Amino acid sequence: MKIISIVGARPQFIKLAGLLHSLEENFSHLVIHTGQHYDDNMSCVFFDELWIPPPAYNLGVGSDTHSKQTAAMMVRLEEALEHESPDGVLVYGDTNSTLAGALTASKMHIPVAHIESGLRSFNRKMPEEINRIVADHVSDLLFAPTPTAMKNLKREGLLRKSFLIGDVMMEGLRKFSPQAELHKCKLLASLGVEEKQFALATIHRAENTDYPEILADILDGLSSIDYPIVFPMHPRTRKRIDEFSLENRVGRNIQIIEPVGYIEMFALEASASVILTDSGGVQKESWALNTPCVTIRDETEWVETVESGANKLSGRTPEGIKEAFLSMLGKRLPPLPDFFMLNPSELIPGIVKRLWG
Ligand code: UD1
Ligand code: UDP
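Residues numbered from 1 in each chain as written. Chains lettered and ligands numbered in written order. Predicted model: local features only at pLDDT ≥ 70, side-chain atom pairs only at ≥ 80, totals over all residues. Heavy atoms only, no water.

So, the sheet that holds strand β9 (residues 229–232)
And then number 1: Read across the open sheet, the six strands follow the order β10-β9-β8-β11-β12-β13; overall the sheet is parallel. Only two strands of the sheet have a single partner each, and these edge strands are β10 (254–257) and β13 (311–313). On average, each strand axis in the sheet is tilted by 20° relative to the strand beside it, whichever way the strands run.
And then number 2: Where β9 lies against β10, four bridges are found, and the strand directions are parallel. Residue pairing for β10: Phe231 is matched across the bridge by Ile256. (Pairing = 2+ DSSP bridges. Helix = DSSP H or I, 4+ residues; strand = E, 2+ residues; numbered from the N terminus. Axes fitted to C-alpha atoms, helices over the stretch in contact; angles between N-to-C directions.)

Shown next, in the form of structure tokens:
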């Protein structure tokens, strides 16, 4: 069977990396990169570090408004899929690349499987929420990471095509943890921080970065914490800080660095005492790496992380961020739930072969 994975943004390269070996063993497998992320440290580094072969196609769409970016992806994807005529397509997560991949393939009557299906924040102002809902409804197979995601799919009448397969990001963690261990010492020394004596921050969501008052509040919150923070900064956030002239809101406790590769990120997540983030992936990785997490949002799709106490929603006020940080510092985390131990790289190819083979 010929199966194509469509990816385009940082977390999708990481999700693909965890599954890659098994996809290559079970299928004739190709990768299409939409080109949504293109900086070396947002794209190439993951292909190099995580042994992902060069994509068969890089559609080179780059950045634009949602409609222009998604439309450009669809036009170029249609040509590539026409040329390859695969037996099925895999789309990952909730980015515009997910939306374009699911829509294009389904309109061409190519079976689509959505990996990381069923997540809902119930906040339709998030571009990701629209992408998830559309991708789930047009896809033929839905691979859900959590019991809550399965419940959401059931509520929307999609249970018939849904499977609980666990979290593909856990595969990446299992596969690459020995390498992260090796890099830890040197990395921390180069940043001038000590293990469990610093916090790690990442912020990139549109709803946190696109409004000057909200971004200023988040920077104020991080700056008010009397504790060193390492902040690998997403290019979107860096651009917004420049555009809104918020450089003076970055406190002296915050060390901004370029986005890091996955192995370095993994080492930082495991070494930090607390992680402050609005990333989807980082909320789960922190629990898996036994580091308490503060999510700088009002809601999360990863509800199990909050219900268990491994993650706390801080909202976006400076006071909320500081309070949440203090309450999570030194917290003992609960054991990982069973669904994190599932093995998606075995389950996904098995189901795909059985239903599409
Ligand atoms: C996208 C996803 C988001 C995901 C995130 C992962 C959508 C709607 N959003 O957000 O769900 O959590 O990726 O990181 O798909 N930029 C660069 N270099 C790059 C890529 C982006 O400078 O390599 C800058 C550009 O100014 C661009 C901005 O970042 O306009 C936003 O990029 P975009 O891909 O539109 O969305 P992300 O914020 O990265
Ligand atoms: N990540 C990384 N380098 C960074 C920041 C994040 O490798 O500088 C990894 C992180 O460990 C996780 C993934 O990128 O595996 C999450 O991607 P991101 O936060 O961009 O997107 P989201 O998960 O919110 O969609």
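What follows continues from the structure just given.
Considerations on the layout of surface pockets
And then number 1: Volume-wise, the second largest pocket comes out at about 240 Å³.
And then number 2: Along the walls of the second largest pocket sit Asn123, Lys125, Pro127, Ala206, Glu207, Asp210, Tyr211, Ile214, Arg297, Asp298, Glu299 and Arg316, which together make up its complete lining.
And then number 3: Class assignment of the residues belonging to the lining of the second largest pocket gives a composition of four nonpolar, one polar and seven charged. (1 Å grid on protein atoms, 1.4 Å probe; cavity = no way out; pocket = protein on both sides within 12 Å on 5 of 7 lines; lining within 4 Å. Points joined across faces, edges and corners; volume = space filled by probe spheres on them. Nonpolar A, V, L, I, M, F, W, Y, C, P; charged D, E, K, R; others polar.)

Remarks on the site of ligand 2
And then number 1: By nearness alone, 19 residues border ligand 2, and Arg205, Val260, Ser279, Gly281 and Glu285 come closest of all.
And then number 2: A distance of 2.6 Å separates an oxygen atom of ligand 2 from a polar side-chain atom of Arg205.
And then number 3: Note that a nitrogen atom of ligand 2 is positioned 2.7 Å from one of the backbone N or O atoms of Val260.
And then number 4: For ligand 2, the accessible surface in isolation is 530 Å², of which the surrounding protein chains cover 97%. (Near = heavy atom within 4 Å. Polar contact = N/O pair within 3.5 Å; in protein donor to acceptor, adjacent residues only side chain to side chain. Areas by Shrake-Rupley, 256 points an atom, 1.4 Å probe, with all protein chains shown as cover.)

What about the sheet that holds strand β5 (residues 112–115)?
And then number 1: What the seven strands build is an open sheet, ordered β3-β2-β1-β4-β5-β6-β7; its pairing is parallel. In this open sheet, the two edge strands, each paired with only one partner strand, are β3 (57–58) and β7 (162–164).
And then number 2: Bridging between strand β1 (residues 2–7) and strand β4 (residues 88–92) involves four bridges; their strand directions are parallel. Looking at β4, one finds that Ile3 is bridged to Gly88.
And then number 3: Those strands touched by helix α4 (residues 96–107) are β1, β4 and β5, and its axis lies near 160° from that of β4. (Contact = heavy atoms within 4.5 Å.)

Observations concerning the packing of aromatic side chains
And then number 1: With the rule as written, the count across this model stands at nine aromatic pairs.
And then number 2: When the centroid spacing of 6.4 Å and the interplanar angle of 35° are considered together, the rings of Phe13 and Phe46 count as tilted. Placement of the pair is Phe13 in helix α1 (residues 10–26) and Phe46 in helix α2 (residues 44–49), with a sequence separation of 33 residues.
And then number 3: For Phe13, a relative accessible area of 0% gives the class buried.
And then number 4: Taking the centre distance of 6.0 Å and the plane angle of 90° together, the rings of Phe176 and Tyr262 count as edge-to-face. With Phe176 in helix α7 (residues 168–191) and Tyr262 in helix α11 (residues 262–271), this pair connects stretches of sequence that are 86 residues apart. Of the two residues, Phe176 and Tyr262, both sit in the buried class.
And then number 5: Clustering of aromatic rings is evident, with ring pairs tying together Trp51, Phe176, Tyr262 and Phe266. (Phe/Tyr/Trp six-rings, centres within 6.5 Å; stacked < 30°, edge-to-face > 60°. Buried < 20%, exposed > 50% of the residue type's maximum accessible area, 1.4 Å probe, protein only.)

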